[in-house]
Amino acid sequence: MSINELRSITTFIRTAELGSLSKAAEAQQITPQAASKALGQLEQYLGVRLFHRTTRSMSLTEEGQRFLEAAQPSLLGLQQALLSVRQTREDFAGPLRIVGPRSVLQPVISPVLDEYLRLYPEVQPDVQLDDRIGNWVENRVDVGFRIGASPQEGLIARRLFPMQLVICAAPSYLRKYGVPENRHALNQHRCSVFRHPGNGCLVPWHLKIGDSLEEWPVAPVFCTNDEMLELQTVLAGEVIGQLAAPTAAPYIRAGRLVPVLVEHVADNYSLYVYYGSRTAIPSRVRRFIDLAVDRLSDSKDFVLSAEELASSRARPAEA
């Protein structure tokens, strides 16, 4: 069916429903001349008269009545299908507000965002990475990523993967300064410490000791509130640092970083994706959440296995 045929059938049905060709034209936002032409084209195509016309009224012919009864339900179904497609397109257009910590999240979220944008190019993600926790309602956040507990009550959480904290150094550092024999030996090493961007405080190292997680103070020779700068300083062989696995894993696998004291790798925290109501979620938001959960849940890209840690660890005898 061509668009012209659809317009002619719509004009016929609107005329039958409203009892006037001029009212049908007004309802469709076309001129009376265009409506008359469309109706004439349909009658010519069918080879029958659909209306009895006088100067004051229009009434259906017997053929017109039969055609109305057959066409009206079909047109309604077609209109509903068009509306459904239009609404779906609108659901996958517009802003998508995402928040998360600047530290850690950049290598995690980038591949998900790239894939999402290829699938839904009409959506405009607005990504704000900030280690401070803002007000999700006031900032109209759709999706958030956080390490650990929910930033505020009433949000739904989906766990993605454990957030390992790995003590590691470049091979050049270990050749120059040696490998720490145990956690107490860290006091004799050149340690890097991350400064929290939100509150300005130094973040203590966290070590897994037995089944518990303990803060382990180290004397820093280098501090920064930028995770990428800390990574580059560790890679340069100037310091030994405790880095999150999503940041360190590719460099450990490439041999550019070496984990030490792997028995103390902390994995008590996890990365979560947070969002609001389970039901009142726009389709574009729901699809992003589903994609993030599918791609990131227990992802091996961001978690180092026990075998990887054991095979790549540095031991004091190797120094």
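The structure contained in this document is the topic of the report that follows. (Residues numbered from 1 in each chain as written. Predicted model: local features only at pLDDT ≥ 70, side-chain atom pairs only at ≥ 80, totals over all residues. Heavy atoms only, no water.)

### A look at the environment of V127
Part 1 of the argument: Mapped onto the secondary structure, V127 falls in strand β4 (residues 123–129).
Part 2 of the argument: Since its relative accessible area comes to 32%, V127 is described here as partly exposed.
Part 3 of the argument: V127 sits 17 residues away from G144 along the chain, and the two C-alpha atoms are 9.6 Å apart. (Helix = DSSP H or I, 4+ residues; strand = E, 2+ residues; numbered from the N terminus. Buried < 20%, exposed > 50% of the residue type's maximum accessible area, 1.4 Å probe, protein only.)

### Digging into the pattern of salt bridges
Part 1 of the argument: According to the stated counting rule, one finds ten salt bridges in the structure shown.
Part 2 of the argument: Here R53 makes a salt bridge to E43, at a shortest N to O gap of 3.2 Å. Of this pair, R53 sits in strand β1 (residues 51–53) while E43 sits in helix α3 (residues 32–46), placing them ten residues apart in sequence.
Part 3 of the argument: Here the residues in one salt-bridge network are E115, D294 and R295, joined through shared partners. (Salt bridge = Lys/Arg side-chain N within 4 Å of Asp/Glu carboxyl O.)

### Observations concerning unusual backbone geometry
Part 1 of the argument: We note that L261 has phi near 50°; this positive angle belongs to a residue other than glycine.
Part 2 of the argument: With respect to the helices, strands and loops of the structure, L261 is situated in the loop between β13 (258–259) and β14 (270–275).
Part 3 of the argument: Notably, D298 is not glycine yet its phi reads approximately 50°, a positive angle.
Part 4 of the argument: Mapped onto the secondary structure, D298 falls in the loop between α9 (283–296) and α10 (306–312).

### Digging into the pairing of β14
Part 1 of the argument: Burial of β14 is extensive: five of the six residues sit out of reach of the surface.
Part 2 of the argument: Where strand β5 (residues 143–147) lies against β14, five bridges are found, and the strand directions are antiparallel. Residue pairing for β14: I147 is matched across the bridge by L271. (Pairing = 2+ DSSP bridges.)

### Examining the sheet that holds strand β7 (residues 165–169)
Part 1 of the argument: On the basis of which strands lie adjacent, the open sheet formed by five strands has the order β11-β8-β12-β7-β13 and mixed pairing. Each end of this open sheet is capped by a strand with a single partner; those strands are β11 (220–224) and β13.
Part 2 of the argument: Contacting β7, β12 (240–244) and β13, helix α8 (residues 245–253) crosses the sheet at an angle of about 115° to β12. (Contact = heavy atoms within 4.5 Å. Axes fitted to C-alpha atoms, helices over the stretch in contact; angles between N-to-C directions.)

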